[in-house]
Every structure is written in structure tokens, then in C-alpha cells.
Protein chains: 2
Amino acid sequence: MTLQPFNIGGLSRQTGVNIETIRYYEKIGLLPPPARSQGGFRQYEDHHLQRLRFIRRGRDLGFSIDSIRALLTLAERPDSPCEGADQMVLLHLDEVERKIADLTLLRDELRKMKNCCGQVVAQCQIIGSLTAPGSAQQDAI
Amino acid sequence: MTLQPFNIGGLSRQTGVNIETIRYYEKIGLLPPPARSQGGFRQYEDHHLQRLRFIRRGRDLGFSIDSIRALLTLAERPDSPCEGADQMVLLHLDEVERKIADLTLLRDELRKMKNCCGQVVAQCQIIGSLTAPGSAQQDAI
DNA sequence: CATGGACCCTGGAGCCACTACAGAGTCAAC
DNA sequence: GTTGACTCTGTAGTGGCTCCAGGGTCCATG
């Protein structure tokens, strides 16, 4: 329960979100524009803090800005059914699992590549496997 | 051993690299500019094909354009030592492993989130855990 | 020789989610 | 009133493409 409004720097410190990013979120309509001081400084209130924390957490979980926008819309209507949120999490989970699988394949390939060869590029497994995947030792490009 | 030069479409089909991307690679100096037909069409030769395949493979392995540039420079000098290549693979492997670890944590959190709650947003675990990480069931934003 | 359709050209804008910067103005403590 | 931290706006840049408009080229047909 913060009583006094705070500047953008305070909001940044309390959320770990970059100042530039906060202004960016306002620009794209993710964070509502706050009141301003006489000199034009942004003056945030507690609900901005809550909302930005929500956004931050969503971003940390890898949701896109658009998904977060949708989740915020949901969150604003406590009586609405939450299938939408469930759907979004499932979709995102699928995506993350696919990414992990892809990166794991990648990792295995990179592991095979490392522990380079002899001494010079001409015999280098790494360069070789880039030149012709599957077999090493090829002419350089 | 292709004898006739081929157009950008042919190069695209043989490598799986988008035509626009090929032109982009030329623009940023990754692929050398080929000869041109009288009408201005790009005419590629076998060495372009080899080089683009190298680039493609590097991208598939997740290397950045800059890394690929460096690897190509290495590949061009068969007598040079290949520690550089080894280093790059190790660095990249580290990065990939870090990414996998991050995504795995993410996946576990998303798994905890799914199988939404009751029926409405007010009791929704998903919205709740975005609102306040660690504990569910909070007021909406 | 004309035509049609597939192909290709250039230059520029757009994507995502920020991040960086210049040049100016504001605020609060001393 | 001065200092120094803070904030403002607007614009441009990042990576790695991707898409588009508005035109030109190529070559197999009729």
C-alpha cells in the first residue's frame, strides 16, 4: 500500500524493469499513462506497480506482449471464464517444449563437433562438418 | 560440379535459403556478389553454392552471422590453426546449454500453472500466479 | 515476331521487444 | 542559487530476416 505516487525511477527499481522499457510499454498501450507532475514527470500509483509486475512476470515466463495483453484483459474481468488463460499456457508450454527439443538436438551436434581435430583448419572437424554435414574432412570453401 | 551458372532461384532451391535472404547475405557481405547476366540477373557458380551451404549449416546450428563470418574466414585459410573454431563452438555450446537450462525451468513453471483452477478468472491459478509469483489466488489487477 | 507467364531487379518498410542516445527540462537538497 | 540526480521527448539502432510495389528480363510457345 504505497501512499505517495512515485517517479519512473522508483517504479523501475521496484519491478526491475528498465525505465526505457516502461516508457515503451506505455507507448504500446500495455501500461496506462499515469498522471504527470507540473513539470511533466510521470507519477505512478500502486495499480501501475501491480500491473507492471504482472507484465514482468509474464515476460519472464516467455509470453509475448500480445499474450500478456490478452492475459491482462482476462485478469481485469474476474467473472469471465478462464479457459482462455489455460489455452494460452498450454500453447506456450508446447512451444517451450519444442524449443527445448530443438536446442537439445543442437547441443548434441555441437558436442560431436567440439574437441577439434589436429592443428590446422585443413583437418578441422568443425570446419569440415560445416562444409559437408555428416562427414568431416572436406576441402575448405 | 555444376557447369552452367544458375540464377538466384536455383541457388535458393539447392540450399533451402530464401531468395530474399540470399540477397540479404550479399548485401551484408557474407556472400560475394556474383557475375550478372546482360539483363542484370545474378549468375551463381559452384563456389557460391558451397559457401551458402556452409552459411546455412552454421545458421541451422544457431551461430550468429558474425560467428559465421569468422568461421568462413578461417575456412578460407586451410593452413591456419583452428583453435579459433574450437573456441567458437565451445562458447556457443555453453550458450545453448544455458538456454536449455533456462527453458527447462520455464517449462516446469508452466507445467505447474496449467490445469487451471475452477471456472472463472477470480479463482484462476494462472492469473493468480502472474499476479503474485509463488502463491496463487490473489485479487485481479 | 509477339506474347505470356515465370522469373528477377531495386529500394524501402516492417517485424519483435526492446535499447541507446542527444539535447533539453525538472526536482530537491544544500 | 547551484549542484547533481533525475526525467522528458523523439529518433535511430539492434539481429536476421521478410514482404512489398513497381518495374524489367528470359524464353518457350503460337
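Our subject is the structure that appears above.
In short, a report on the structure. (Residues numbered from 1 in each chain as written. Chains lettered and ligands numbered in written order. Predicted model: local features only at pLDDT ≥ 70, side-chain atom pairs only at ≥ 80, totals over all residues. Heavy atoms only, no water.)

Okay, the protein's contact with DNA strand C next. The environment of DNA strand C is made up of 20 residues, and the closest members are Tyr-25 and Arg-59 of chain A together with Gly-9, Arg-23 and Arg-42 of chain B. Here DNA strand C approaches the protein such that, of its atoms within 4 Å, sugar and phosphate make up 78%. At 2.8 Å, a backbone N or O of Gly-9 of chain B approaches a phosphate oxygen of DNA strand C. One nitrogen or oxygen atom from the side chain of Arg-42 of chain B is found 2.8 Å from a phosphate oxygen belonging to DNA strand C. Counting only elements with at least two residues in the surface near DNA strand C, the list comes to helix 2 (19-27) of chain A together with helix 1 (8-15) and helix 2 (19-27) of chain B. Among the elements that make up the surface near DNA strand C, the one with the highest residue count is helix 2 of chain A (4 residues). Each residue belonging to the surface near DNA strand C can be placed in one class, and the counts come to 7 nonpolar, 8 polar and 5 charged. (Near = heavy atom within 4 Å. Polar contact = N/O pair within 3.5 Å; in protein donor to acceptor, adjacent residues only side chain to side chain. Helix = DSSP H or I, 4+ residues; strand = E, 2+ residues; numbered from the N terminus. Nonpolar A, V, L, I, M, F, W, Y, C, P; charged D, E, K, R; others polar.)

Let's shift gears to the protein's contact with DNA strand D. Among the 20 residues in the neighbourhood of DNA strand D, the closest are listed as Gly-9, Arg-23 and Arg-42 of chain A together with Tyr-25 and Arg-59 of chain B. The contact atoms of DNA strand D, taken as those within 4 Å of the protein, divide so that sugar and phosphate hold 75%. With respect to DNA strand D, the side chain of Glu-20 of chain B contributes an N or O atom lying 3.4 Å from a base nitrogen. The greatest single-element share of the surface near DNA strand D, amounting to 4 residues, is contributed by helix 2 of chain B.

Counting residues at the interface gives 55 residues for chain B, matched by 55 residues for chain A. On the surface where chain B and chain A come into contact, there are 4 salt bridges. With its nearest N and O atoms 2.9 Å apart, the salt bridge here joins Arg-57 of chain A to Glu-109 of chain B. The tally of links from chain B across to chain A stands at 6 residue pairs in polar contact (both at pLDDT 80 or more). Grouping the constituent residues of the side of chain B that touches chain A by class yields 31 nonpolar, 10 polar and 14 charged. (Contact = heavy atoms within 4.5 Å. Salt bridge = Lys/Arg side-chain N within 4 Å of Asp/Glu carboxyl O.)

Overlaying chain B on chain A yields an RMSD of 0.0 Å, the required transformation being a rotation through 180 degrees with an accompanying axial translation of 0.0 Å. Here the symmetry operator amounts to a two-fold rotation axis. Rotation axis and chain B: the residue whose C-alpha lies nearest the axis is Ile-100 of chain B, separated from it by 2.9 Å. Same-surface contact between copies: 100% of interface residues of chain B are shared with the interface of chain A. (Least-squares fit on C-alpha atoms with pLDDT ≥ 70 in both.)

Attention now moves to the packing of aromatic side chains. Aromatic ring pairs are described here by two measures, namely the spacing of the ring centres and the angle between the planes. Taken as a whole, this structure holds 2 aromatic pairs over all chains when the rule is applied. Relative to Tyr-25 of chain A, the ring of Tyr-24 of chain A lies with its centre 6.0 Å away and its plane at 45 degrees, an arrangement referred to as tilted. (Phe/Tyr/Trp six-rings, centres within 6.5 Å; stacked < 30°, edge-to-face > 60°.)

Right, let's get into the nonpolar core. With 74 residues, the main nonpolar core has Ile-127 of chain A together with Ile-127 of chain B as its most contacted residues. When residues no more than four places from it in sequence are discounted, the contact partners of Ile-127 of chain B are Phe-54, Leu-71, Leu-74, Ala-75 and Ala-85 of chain A together with Val-121 of chain B. (Core = buried A, V, L, I, M, F, W, Y, C linked by side-chain atoms within 4.5 Å. Buried < 20%, exposed > 50% of the residue type's maximum accessible area, 1.4 Å probe, protein only.)

Here we take up the packing of helix 1 of chain B against helix 3 (residues 46-60) of chain B. The geometry of a pair of packed helices is captured by two quantities: the angle between their axes and the separation between those axes. Residue and element names in this part refer to chain B. One way to put it is that helix 1 packs onto helix 3 with a least axis distance of 10 Å and a crossing angle of 45 degrees. When the axes of helix 1 and helix 3 are compared, the pair comes out oblique. As helix 1 runs across helix 3, the sense of the crossing is right-handed. Counted together, Leu-11, Gln-14 and Thr-15 of helix 1 and His-48, Leu-49, Leu-52, Arg-53 and Arg-56 of helix 3 form the full contact between these two elements. Its residues assigned to classes, the contact of helix 1 with helix 3 comprises 3 nonpolar, 3 polar and 2 charged. (Axes fitted to C-alpha atoms, helices over the stretch in contact; angles between N-to-C directions. Parallel < 35°, antiparallel > 145°, perpendicular 65-115°, else oblique. Left-handed = near helix turned anticlockwise from the far one by under 90°.)

With that out of the way, let us pick up helix 1 of chain B. Residue and element names in this part refer to chain B. Within helix 1, 6 of the 8 residues are buried, which leaves the element mostly enclosed by the surrounding structure. Of all the positions in helix 1, only Ile-8, Gly-9, Gly-10, Leu-11, Ser-12 and Thr-15 are classed as buried. Considering only its buried residues, helix 1 is in contact with helix 2, strand 2 (42-43) and helix 3. Immediately downstream of helix 1, the backbone of Gly-16 shows phi near 80 degrees, a positive value.

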